[in-house]
Amino acid sequence: MRKQILIVEDERIVADDIKLSLERLGYAVCGMVISGREAVEKAKSVRPDLVLMDIVLQGKMSGIEAARAIRSRFDIPVVYLTAYADNKTLERAKLTEAFGYILKPFEDSDLRTTIEMAIYKHKMERILKENEEKYRSLVENAHDAIYIFAEDCIQYANPTFEKLTGWKRRELSSKR
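Criteria and cut-off values
- Residues numbered from 1 in each chain as written.
- Predicted model: local features only at pLDDT ≥ 70, side-chain atom pairs only at ≥ 80, totals over all residues.
- Heavy atoms only, no water.
- Helix = DSSP H or I, 4+ residues; strand = E, 2+ residues; numbered from the N terminus.
- Rg over C-alpha atoms; globule rule 2.2 N^0.38 Å.
- Buried < 20%, exposed > 50% of the residue type's maximum accessible area, 1.4 Å probe, protein only.
- Contact = heavy atoms within 4.5 Å.
- Areas by Shrake-Rupley, 256 points an atom, 1.4 Å probe, with all protein chains shown as cover.
- Salt bridge = Lys/Arg side-chain N within 4 Å of Asp/Glu carboxyl O.
- Core = buried A, V, L, I, M, F, W, Y, C linked by side-chain atoms within 4.5 Å.
- Pairing = 2+ DSSP bridges.
- Expected span 1.5 Å × (residues − 1).
- Arc of directions from axis to C-beta.

Attention shifts here to the overall build of the protein chain. Looking only at helices and strands, the protein chain features 7 helices and 7 strands. The order of α-helices and β-strands along the protein chain, N terminus first, is β-α-β-α-β-α-β-α-β-α-β-β-α-α. Its C-alpha radius of gyration of 22 Å places the protein chain more than 25% over the 16 Å reference for a compact globule of 176 residues. When the backbone C-alpha atoms are referred to their principal axes, the protein chain occupies close to 65 × 35 × 30 Å. The 176 residues of the protein chain split such that 38% are buried. Long-range pairs, those at least 24 residues apart, make up 53% of the contacts in the protein chain between residues at least 6 apart in sequence. Here the protein chain has roughly 11,100 Å² of accessible surface; of this, 52% comes from carbon and sulfur atoms.

This is how it looks when you write it as structure tokens:
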């Protein structure tokens, strides 16, 4: 199945060009919107595999704000596709944990490579998160006392350790 990509771009000609590039590369475009608010709504309704986001958009919500909302609410990877490369914009964009940053004008090969890496990285992040949750549950519910001792103190202890020792987790960092 072709990967579904949402385009967030407020210049219609540029959005159409991006759409053609994506289709040439074998991706499906599941929507094109011009504002941050619309991007969040569309991401919620269609749940794309990836969002290509311009940073400067129509309306009150910037692409950076929309990317932050999409990533935190729906766990959908965002790649910025923008003409802005100044340090201030780049620093703001980094805080959203974007999966890529492509400068316009772009080559199809750059677009494809960045999209493929972003989708792969997102998949690996999900697997890692699922595994962490499994192991955390296993340790938290174990019948044996489990603790981590490092830097001359107990860094972590499971509930069984608390029961056996009488120490509460919040007290453990002070126990040396």
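Following the structure, the description resumes.
All right, on to the pattern of salt bridges then. The final tally for this structure, using the stated rule, is 11 salt bridges. One salt bridge connects E9 with K104, and the closest N-O pair in it is separated by 2.5 Å. Here E9 is found in the loop between β1 (4–8) and α1 (12–24), whereas its partner K104 is found in the loop between β5 (100–103) and α5 (108–140), with 95 residues between them in sequence. On the accessibility criterion, K104 (23% relative accessible area) is partly exposed. Taken together, the salt bridges that share partners define one network made up of R71, D75, E97, E125 and R126.

What follows deals with the nonpolar core. In this structure, L6, V8, A39, V51, M53, I70 and Y80 are the most contacted members of the largest nonpolar core, which totals 21 residues. Going through the elements one at a time, β1, β2 (28–33), α2 (36–46), β3 (50–53), α3 (63–74) and β4 (78–82) are the ones with two or more residues in this core. Top contributing element to this core by residue count: α3, with 6 residues. Not counting chain neighbours up to four residues away, the residues in contact with Y80 comprise M53, I55, G63, I64, A67, A93, T96, A98, G100, Y101 and I102. Core analysis: the second largest hydrophobic core is formed by 18 residues, V29, F99, I102 and I119 among them.

Bringing the pairing of strand β7 (residues 153–157) into the picture now. Here strand β6 (residues 147–150) runs beside β7; their pairing, made up of 4 bridges, is antiparallel. The partner of I148 across the bridge, within β7, is Y156. The hairpin formed by β6 and β7 contains 2 residues between the paired strands, and E151 there has a positive phi angle of roughly 50°.

For the rest of this paragraph, the subject is α1. A rise of 1.5 Å per residue sets the reference length of α1, with its 13 residues, at 18 Å; its end C-alpha atoms lie 18 Å apart and thus fit the reference within 8%. Every buried residue of α1 is listed here: A15, I18, S21 and L22. Along the axis of α1, the buried residues cluster in a sector spanning 125°; they form a single face. In this structure, α1 carries R12, I13 and R24 as exposed residues pointing more than 90 degrees from its buried face. Where α1 is buried, its residues meet β1, β2, β3, β4 and α5. The positive-phi residue at the C-terminal boundary of α1 is G26, with phi of around 95°.

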